[in-house]
Amino acid sequence: MRFDVPEIEATPADAWWSEAVVYQIYPRSFADSNADGIGDLQGIIERLDYLAQLGVDVLWLSPVYPSPHDDNGYDISDYQDIDPLFGTLADFDRLLAAVHERGMKLVMDLVVNHTSDEHPWFTASRDEGPQGSKRDWYIWRPAREGMEPGTPGAEPNNWGSFFSGPTWTYDEKSGEYYLHLFSRKQPDLNWENPTVRQAVHAMMRWWLDRGVDGFRMDVVNLISKTPGLPDGIVHEGALHGDGSPHYICGPRIHEYLAEMHREVFEDHPRRLLTVGEMPGVTVEEAKLFTDPSRRELDMVFQFEHVGLDQGPGGKFDVRPLKLTDLKASLGRWQTGLGETGWNSLYWNNHDQPRAVSRFGDDSPAYRDRSAKLLATVLHLHRGTPYVYQGEELAMANTRFTSIDDFRDIESLNYHREQTAHGVDEEQVLAGLRHRSRDNARTPMQWDTSQHAGFTAGTPWIAVNPDHTRTNAKAQLADPDSVFHYYRRLIALRHTEPALTHGDFQMLHPDHEQLYAFTRHDAASGTELLVLANFGPADLTVDLPDGWEHSETLIANVPATTPLSAPHTLRPWEARVHRRNA
Ligand code: ISL
Ligand code: CA
């Protein structure tokens with residue numbers, strides 16, 4: 001690995017993070033050291049050897065800043081401290097040092113589309129009224145023309161929030177509304193104001209001076225809004241207007257990110273990692289964001305492949321996924337960012353259902369094998385892979401009996417809004433069981449003990465009862481486990497240049513059960529073939545020419561036979577072959 005490269009590389013494949021695997025920690029659910037039921041920094045420190053053994057290069061921490069936790073820390077009330085729930089700044093410094101000692105890096109979550117409504121910037125903006133010096137740090141508007149302020153429908157526009165309800169909350173004292181794309185406790189910052197941007201840049205430099213290695217930037221493509229904040233279209237069956245065309249990749253987004261690069265990253269002595277989370281971003285936009293010559297971001301999280309199994313009713317309107325759609329989408333991103341730009345690769349995170357339950361088969365027979373298949377497919381794509389805590393164990397969606405089992409504001413608000421509008425509760429719960437973000441947020445499964453070794457107290461959200469079957473302790477002891485399979489895949493990224501540099505070519509794009517592609521690296525003269533059987537039935541495939549005697553690099557079914565033409569793959573079998581080319 002090449003660390004500490006001071007300049008922007010001509011091609012992303014030359015940057016250190018092109019050979020890196022990132023591991024996402026959701027601190028609240030990772031490891032609790034003091035038995036209060038909530039994961040903390042000391043808990044992470046105690047588990048660092050586990051992560052070093054897995055072999056990941058970078059840790060991304062979901063937010064650990066002071067917060068009222070309306071949205072589990074994505075509502076920040078102080079950007080330059082640690083929430084006492086998680087520890088102290090001194091604990092953070094110890095964590096960072098311990099991460100660096102093990103040769104890993106640490107990336108912080110940067111949440112600057114919005115703050116908490118308890119951040120002093122917002123309380124000043126609200127309480128000092130329209131003439132106050134911080135008023136235009138946020139987005140305040142009067143009621144709609146001719147409407148009585150504070151009455152239903154009087155909001156400045158018709159946008160619906162990500163977390164149900166309107167995006168506006170009325171402040172009686174000043175007689176105006178503030179904008180919040182997420183919860184009412186997450187007011188949007190006004191990025192049009194240069195003082196806001198400077199304050200954000202200064203805060204980022206403060207963390208870099210502390211030694212962090214980069215930022216994952218929360219919904220960073222939403223920070224520029226269309227001037228005038230026009231109404232959105234009201235889609236059939238929707239309760240609010242769709243404001244997204246007016247805030248996704250808005251008019252000044254590239255300007256803001258280029259400015260951030262200049263002000264924060266350009267002169268920094270260390271080469272950092274920056275990844276922008278970007279709902280609704282297109283390949284064309286992503287290419288602009290990640291083109292090294294434009295000096296904006298290193299990579300983005302796109303959302304296309306996690307939206308293919310939803311209907312017109314949105315994320316809780318669950319539809320079956322067609323493998324051909326998944327391949328068409330991921331394949332297009334591979335090609336689109338092949339020459340210029342760089343992909344980040346993920347199946348799940350703290351906002352998505354568990355990968356094995358969504359894209360694989362979490363029945364006992366195929367759970368581990370299909371989890372390994374998903375890992376194989378993802379890690380063999382071109383880009384930087386992200387592993388979400390527990391994914392390396394094949395952690396699955398949990399069982400939710402009633403609404404009382406949920407904790408996430410998105411799920412709770414959705415349930416309240418839908419049932420209030422007369423939607424059948426069973427139908428609402430069915431959607432939530434598949435898609436609630438709480439599926440990803442159940443505690444990390446360390447062992448078979450009562451709360452899976454996560455806490456000696458009462459966990460803030462129930463552990464998945466399947467931890468007696470799926471846990472780190474058992475998997476560390478089993479050389480065929482999902483954990484050890486991930487470890488081998490991660491090691492391959494460090495030793496096999498074709499993973500980083502190879503061109504991507506999709507094979508059989510119209511096949512409904514086979515995910516197959518090649519990676520060709522001219523410089524090292526190697527070619528890789530990936531074959532994955534997405535289903536519980538045997539599958540006989542035609543091989544491309546000349547692969548019969550190739551070497552097996554990795555496979556999820558033990559004692560695999562040599563490749564033959566035609567070749568039969570067993571249920572959920574995935575294998576990678578290598579040859580000189
Ligand atoms: O899960 C979603 C809501 O339907 C996503 O659209 C999610 O809100 C989106 O990915 C943005 O996520 C990020 O910002 C949110 C926060 O709740 C998420 O946890 C975070 O990852 C607001 O800060
Ligand atoms: Ca704790």
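The structure presented is a predicted model; accordingly, all values stated were derived computationally and were not measured.

## Here's the deal with the domain arrangement of the protein chain
What the domain assignment reports for the protein chain is domain 1 (16–113 + 193–483), domain 2 (120–179) and domain 3 (501–580). Its C-alpha centre places domain 1 at a distance of 30 Å from the equivalent point of domain 3. With 22 residues of domain 1 in contact, the opposing surface of domain 3 contributes 28 residues. Here domain 1 packs against domain 3, burying approximately 2,200 Å² in sum over the two surfaces, 68% of which is carbon and sulfur. Linking domain 1 with domain 3 are zero salt bridges, by the criterion used here. Counting across the domain 1 and domain 3 interface gives 12 residue pairs in polar contact (both at pLDDT 80 or more). Of all the elements in the fold, those that place two or more residues in the side of domain 1 that touches domain 3 are α8 (323–336) and α10 (367–379).

## Observations regarding the layout of surface pockets
Considered as a void within the structure, the second largest pocket measures approximately 340 Å³ in volume. Around the second largest pocket, the lining comprises 22 residues; the ones closest to its centre are Ser164, Gly165, Pro166, His180 and Arg184. Examining the composition of the lining of the second largest pocket, we find that four residues originate from one element, helix α11 (residues 409–420), more than from any other. Broken down by class, the residue content of the lining of the second largest pocket amounts to eight nonpolar, nine polar and five charged. Residues from two domains meet in the lining of the second largest pocket; each of domain 1 (16–113 + 193–483) and domain 2 (120–179) gives at least three.

## Overview of the coordination of the calcium ion (ligand 2)
Every protein donor of the calcium ion (ligand 2) is listed here as Asp32 (OD), Asn34 (OD1), Asp36 (OD), Ile38 (O) and Asp40 (OD), and their distances to the metal cover 2.3 Å. Read from N- to C-terminus, the donor residues coordinating the calcium ion (ligand 2) fall into the pattern D-x1-N-x1-D-x1-I-x1-D.

## Looking at α10
Its 13 residues give α10 an end-to-end C-alpha distance of 18 Å, which sits within 8% of 18 Å, the value for a rise of 1.5 Å per residue. Judged by how many residues are buried, α10 sits mostly within the fold: 11 of 13 residues are covered.

## Focus: the UniProt feature "domain: Glycosyl hydrolase family 13 catalytic" (unreviewed entry) in the protein chain
Within this numbering scheme, the UniProt entry marks residues 24–441 as carrying the feature "domain: Glycosyl hydrolase family 13 catalytic" (unreviewed entry). Strand forms 10% of residues 24–441 and helix 31%; the C-alpha atoms that close the span are 12 Å apart.

## Section: the side chain of Ser370
By secondary structure assignment, the location of Ser370 is in helix α10. For Ser370, the contacting residues outside a window of four places in its chain are Val356, Gly360, Asp361 and Trp572.

## Quick word on the environment of Gln302
For Gln302, the location among the structural elements is in the loop between β9 (299–301) and α8. Every residue in contact with Gln302, bar those within four places of it in the chain, is listed here: Met278, Val281, Leu330, Trp333 and Tyr346. A distance of 2.7 Å separates a polar side-chain atom of Gln302 from the backbone nitrogen of Glu304. Among the polar contacts listed, one links the side chain of Gln302 to the side chain of His305, at a separation of 3.4 Å.

Calculation criteria
All residue numbers refer to positions counted from 1 along the written sequence of the respective chain. The naming scheme follows written order: chains are lettered A onward, ligands numbered 1 onward. Where local features are concerned, this predicted model is filtered to residues with pLDDT of at least 70; where side-chain atom pairs are given and counted, the filter is 80 or more; whole-chain, interface and lining totals use all residues. Side-chain metrics rest on all non-hydrogen atoms present in the structure, leaving aside hydrogens and water. Segmentation into domains, and thus their bounds, comes from an automatic or database assignment. Two residues qualify as a contact provided that any one of their heavy atoms is within 4.5 Å of a heavy atom in the partner residue. Here the buried area means the combined drop in accessible surface, using a 1.4 Å probe, for two parts upon being joined, counting both sides. The salt bridge criterion pairs a side-chain nitrogen of Lys or Arg with a carboxyl oxygen of Asp or Glu, the two atoms within 4 Å. Here a polar contact means two N or O atoms within 3.5 Å. Within protein one must be a hydrogen donor candidate and the other an acceptor candidate, and residues neighboring in sequence count only if both atoms are side-chain atoms. Segments assigned H or I by DSSP are reported as helices when at least four residues long, segments assigned E as strands when at least two residues long, and all are numbered from the N terminus. In this analysis the probe radius is 1.4 Å and the grid spacing 1 Å, with only protein atoms considered; a cavity is a set of points the probe fits into but cannot get out of, a pocket is an open set with protein on both sides within 12 Å along at least five of seven lines, and lining residues have an atom within 4 Å of a point. Grid points are joined across faces, edges and corners, and a volume is the space filled by probe spheres set on the points. Charged residues are taken to be Asp, Glu, Lys and Arg, nonpolar residues to be Ala, Val, Leu, Ile, Met, Phe, Trp, Tyr, Cys and Pro, and polar residues to be all remaining types, Gly included. Only nitrogen, oxygen and sulfur atoms qualify as donors, and only when within 2.8 Å of the metal (3.2 Å in the case of Na, K and Ca); with water excluded, sites may look incomplete. What a helix is expected to span follows from its residue count: subtract one and scale by 1.5 Å. For each residue, the accessible area found with a 1.4 Å probe, counting protein chains only, is set against the maximum for its type, and the residue is called buried under 20%, exposed over 50%, and partly exposed in between. UniProt positions are given in the numbering used here, feature names are shortened, and annotations may be inferred rather than shown by experiment.

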